[in-house]
Amino acid sequence: MLIIGIPGKVLTDDDRIWLSAPQVSGVILFSRNFANRDQVTTLIDDIRMERPDDPFLICVDQEGGPVQRFRGEFTRLPALSRLGKLFDSNPALAIALTEDHAWLMASEMRAIDIDLSFAPVTDLACGNVAIGERAFHPDPAITSQLVQAYARGMHLAGMAVTLKHFPGHGTVLTDTHFDAADDARELDELRAMDLVPFVDGIAAGAEAVMLAHVTYPEIDVLAAGYSKVWIGDILRKEIGFGGIVIGDDIGMAAAESIGGIPARIEAHLKAGCDLVLACGPSIVDEAVTASGHLPACNPARVESLRGAVAPTWEALVDNPKRDEIIARLAEFCPEPASK
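Just so we're clear, the structure is a prediction, and the values are computed from it rather than from any experiment.

**With respect to the nonpolar core**
- With 111 residues, the main nonpolar core has L29, I47, F70, F166 and W230 as its most contacted residues.
- In terms of residues, this core owes the most to one element, helix α4 (residues 91–110), which gives nine residues.
- Ignoring sequence-local partners within four residues, the contact set of F166 consists of L195, F198, V209, M210, L211, A212, A224, W230, I234, L235 and I239.

Set out below in structure tokens:
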């Protein structure tokens, strides 16, 4: 049930031990794992060889803007906020380019055998430091339209959709990487605002939802990823989501509210998470050891997030659609000059 981070650009003996554990269902790659396309493709192939017979996920955060782990030969994608800004002046073009952005991102990742880029950010752009320009727009109705367009583009490229960070991380100002975060709003206000794009994204066929390490004390004293109320009552029963629930990184400061690494894993699973992220290599050994007695994620659930058949990188580069999309994004959603 773990998706783990590894430290470097090649597999070590310790990495191979971690990957052999049956409770490890996948790997998430970061900039520390990337030098260039050839290197990361070799790393991905080596990871696959460690688990050739099991459904196994290789994941990344390739959102665009400030969060894009692979660069170099990969397209420099504009931040989602650029698409939201375009929507204010040209909604139809923004929706079309959002679908294109998603297709381009997912196609490039599928061409090197990445199963999942955890996307799109579905939070509202309402001032959170960590979310910032990663979110489309502060208006839930606009965000909802763009999230649905992004889901269409990802699906066209053969990649499952992960809506994050449920039930909405964009309005609470605290950065959960470094501090505990509380959102004092009541459920009706969240239903009318932050939950709207999640509900619509699920209706559009999203296969996964990632939980926020944010506590909503009017709903539950536990952070959302540890909360049966949020996962079981609201996400599963009220909204009707039947896909994969993913707990955000247990190494984040806001995840510490429940206790140490073993307690965090068990609390996520008890609340109803299918998969749990352990992104920092410094916590992986403890996480793997602590979860050895726990049941692995159902292989069929893992398989539901695997990428579909994809073109080779050479075929993708030869596809004129890719060139057209890159040109259109550069024209209508240029990154600020400082980027």
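**Topic: the pattern of salt bridges**
- The full count for this structure, using the stated rule, is 23 salt bridges.
- Of the charged contacts, one joins E50 and R16 as a salt bridge, the two residues approaching to 2.5 Å between their closest N and O atoms. Pair noted here: E50 is in helix α2 (residues 37–50) and R16 is in helix α1 (residues 13–20), with a separation of 34 residues, a long-range link.
- Of the residues examined, E50 reaches a relative accessible area of 28% and is grouped as partly exposed.
- You can call R16 partly exposed: its relative accessible area is 31%.

**Describing the sheet that holds strand β2 (residues 24–29)**
- In space, the eight strands of this open sheet follow the order β6-β3-β2-β1-β10-β9-β8-β7, with parallel pairing throughout. This sheet does not close on itself; its edge strands, each paired only once, are β6 (116–117) and β7 (162–166).
- Here strand β1 (residues 2–5) runs beside strand β10 (residues 275–278); their pairing, made up of three bridges, is parallel. Bridge pairing links I4 to A278 in β10.
- The sheet strands contacting α2 are β2 and β3 (57–60), and the helix crosses β2 at an angle near 175°.

**Notes on the packing of aromatic side chains**
- Throughout the structure, instances matching the rule amount to eight aromatic pairs.
- Ring centres 5.1 Å apart and planes at 25° place the aromatic pair F34 and F70 in the stacked group. On the criterion of sequence distance, the pair formed by F34 in the loop between β2 and α2 and F70 in the loop between β5 (67–68) and α3 (80–89) is long-range, its members being 36 residues apart.
- On the basis of relative accessibility, which here comes to 12%, the residue F34 falls in the buried class.
- Look at F70 and you get buried, because its relative accessible area is 0%.
- By the ring-pair criterion, three or more aromatic residues cluster together here, those being F34, F70, F74 and W313.
- Cation over ring: K321 sits above W103, and NZ or CZ is 4.3 Å from the ring centre.

Rules used in this analysis
Residues numbered from 1 in each chain as written. Predicted model: local features only at pLDDT ≥ 70, side-chain atom pairs only at ≥ 80, totals over all residues. Heavy atoms only, no water. Core = buried A, V, L, I, M, F, W, Y, C linked by side-chain atoms within 4.5 Å. Buried < 20%, exposed > 50% of the residue type's maximum accessible area, 1.4 Å probe, protein only. Helix = DSSP H or I, 4+ residues; strand = E, 2+ residues; numbered from the N terminus. Contact = heavy atoms within 4.5 Å. Salt bridge = Lys/Arg side-chain N within 4 Å of Asp/Glu carboxyl O. Pairing = 2+ DSSP bridges. Axes fitted to C-alpha atoms, helices over the stretch in contact; angles between N-to-C directions. Phe/Tyr/Trp six-rings, centres within 6.5 Å; stacked < 30°, edge-to-face > 60°. Lys NZ or Arg CZ within 6 Å of the ring centre and 35° of its normal.

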